[in-house]
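Letter by letter, the chains look like this.
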Amino acid sequence: MGQPISLPADVLLYSTPYFTGVWLWLHRTVCRDLQQLLDHYIFQFTQSLNFGIGAVAQTLNDTAIRLLVQRTPKLKSINIATCRNLTDDALITVAEYCPHLESITLNSCGAITGSGLINVLAKCKGVTSLSVARSKELKTEHILEMVKYGQLLTSFDANGANLTADAVRAIAANCTSLHTLGLQRTTALDNNTLTFVLNTMTKLTSLDIAWCQNVTNAAFLQVDDGAPHLTQLKALFLHGCPLIHNVSLVAVSTHCVNIETLSLGWCRQFMEPGLAGFPL
């Protein structure tokens, strides 16, 4: 390969917005001036990094994350979903260099555990959005420690993480600012735990309990009559819950009068008259 070319600064500044940050990073060595611009200017103002797609996700490692976050002091959002080569060391680095972090996505990061997540939440005090969908290494003890730092969380996606009932209860009791909660395919979610969530989480606007097959009508029938906060709930995902039928929907329609999205696919016992109370 020949020597890197040189381009005028105005050409670089005009052209760089047309390329993704990942593409620019991978091809920065083609042009000496582009490399200098990226290393010393653009990264100083980058607020979002998204590596949760394609070939980059398959090759990204802890060393690469360190190189990147050291250059992005203003980073607010990072998506490293499906980056299976990353370990807790990557999160330790993020916690060290990204004090302004607000959103982190760790879906399907098989080598990352709750210990690394606790490190991020303890040091990055402004995190409001956390996604750990399909993360299999989140133990109950990790969740119990993590929620101590989760008071500002407004969105928590744990779909497919298969949390225990104790973990779900800890989230409901401590993450009091949550608006969105994803618990899809949480096999340990039972009626008592779901009722606790509905009675406790006073700011919830979206709840996903799809494919939680141990949930029955009783969970909704046990909701407190004095739970006016449920009028805030606008989205409820119940698809794949075979024990949910019309009785539950009548109870939901009584408490959740502002529902805008209601998902009922594969609810085998559901019948159309159950929707009579919904302004859908």
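Quick summary incoming for the structure in this document. (Residues numbered from 1 in each chain as written. Predicted model: local features only at pLDDT ≥ 70, side-chain atom pairs only at ≥ 80, totals over all residues. Heavy atoms only, no water.)

On to the packing of helix 5 (residues 62–69) against helix 6 (residues 88–97). Helix packing geometry: the angle between the two helix axes and the distance between the axes. It is at 9 Å that the axes of helix 5 and helix 6 come closest, and there the two elements cross at 10 degrees. Relative to helix 6, the element helix 5 lies roughly parallel. For the pair formed by helix 5 and helix 6, the contact residues are Asp 62, Ile 65, Arg 66 and Val 69 on the first element and Asp 89, Ala 90, Thr 93, Val 94, Glu 96 and Tyr 97 on the second. When the residues that make up the contact of helix 5 with helix 6 are grouped by side-chain class, the tally is five nonpolar, one polar and four charged. (Axes fitted to C-alpha atoms, helices over the stretch in contact; angles between N-to-C directions. Helix = DSSP H or I, 4+ residues; strand = E, 2+ residues; numbered from the N terminus. Parallel < 35°, antiparallel > 145°, perpendicular 65-115°, else oblique. Contact = heavy atoms within 4.5 Å. Nonpolar A, V, L, I, M, F, W, Y, C, P; charged D, E, K, R; others polar.)

Next up on the list: the nonpolar core. Formed by 76 residues in total, the largest nonpolar core has its most connected members in Ile 80, Leu 163, Leu 181 and Phe 220. Those elements that provide at least two residues to this core are helix 5, helix 6, helix 7 (114–123), helix 8 (140–146), helix 9 (165–174), helix 10 (191–200), helix 11 (217–221) and helix 12 (246–255). No other element matches the five residues that helix 9 contributes to this core. With residues up to four places along the chain from it excluded, the contact list for Leu 163 reads Leu 138, Ile 143, Ala 158, Val 168, Ile 171, Leu 183, Thr 186 and Ala 188. (Core = buried A, V, L, I, M, F, W, Y, C linked by side-chain atoms within 4.5 Å. Buried < 20%, exposed > 50% of the residue type's maximum accessible area, 1.4 Å probe, protein only.)

Given two aromatic rings, one states the distance between the centres and the angle between the planes to describe the pair. Overall, the coordinates contain zero aromatic pairs when judged by the stated rule. Positioned above the aromatic ring of Phe 196, the side-chain terminus of Arg 169 is 4.9 Å from the ring centre. (Phe/Tyr/Trp six-rings, centres within 6.5 Å; stacked < 30°, edge-to-face > 60°. Lys NZ or Arg CZ within 6 Å of the ring centre and 35° of its normal.)

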